[in-house]
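Spelled out from the first residue to the last, the chains are:
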Amino acid sequence: LSPREREILALIGDGLTNREIGKRLYLSEKTIKNHISRLLAKLGVQRRVQAAVLASHLEQPETDDRPTN
């Protein structure tokens, strides 16, 4: 994803609407819709809620499941 698409994905994950994202980034709602369409295609998902779930997984710190000695 482009840096802008990653930024929008994070805002989707925060629960913002297209209009709210547009206001925050000083972009039109139509531009936001275009960005979201491209990022959904790149992620291979059909709905923004699926993208939001992916965003939440990307924000979680990686954990090491191996036992420590």
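In case you missed it, the structure is sitting above this.
Because the structure is predicted, anything quoted here is derived from the model rather than measured.

(A) Spotlight on the pattern of salt bridges. One pass over the structure, following the stated rule, counts four salt bridges. When the shortest N-O distance is used, the salt bridge between K42 and E5 registers 2.9 Å. On the criterion of sequence distance, the pair formed by K42 in helix α3 (residues 29-43) and E5 in helix α1 (residues 3-13) is long-range, its members being 37 residues apart. A residue is classified by how much of its surface remains accessible, and K42, at 53% relative accessible area, is exposed. Accessibility expressed as a relative area gives 3% for E5, which makes it buried.

Rules of the game
- Residues numbered from 1 in each chain as written.
- Predicted model: local features only at pLDDT ≥ 70, side-chain atom pairs only at ≥ 80, totals over all residues.
- Heavy atoms only, no water.
- Salt bridge = Lys/Arg side-chain N within 4 Å of Asp/Glu carboxyl O.
- Helix = DSSP H or I, 4+ residues; strand = E, 2+ residues; numbered from the N terminus.
- Buried < 20%, exposed > 50% of the residue type's maximum accessible area, 1.4 Å probe, protein only.

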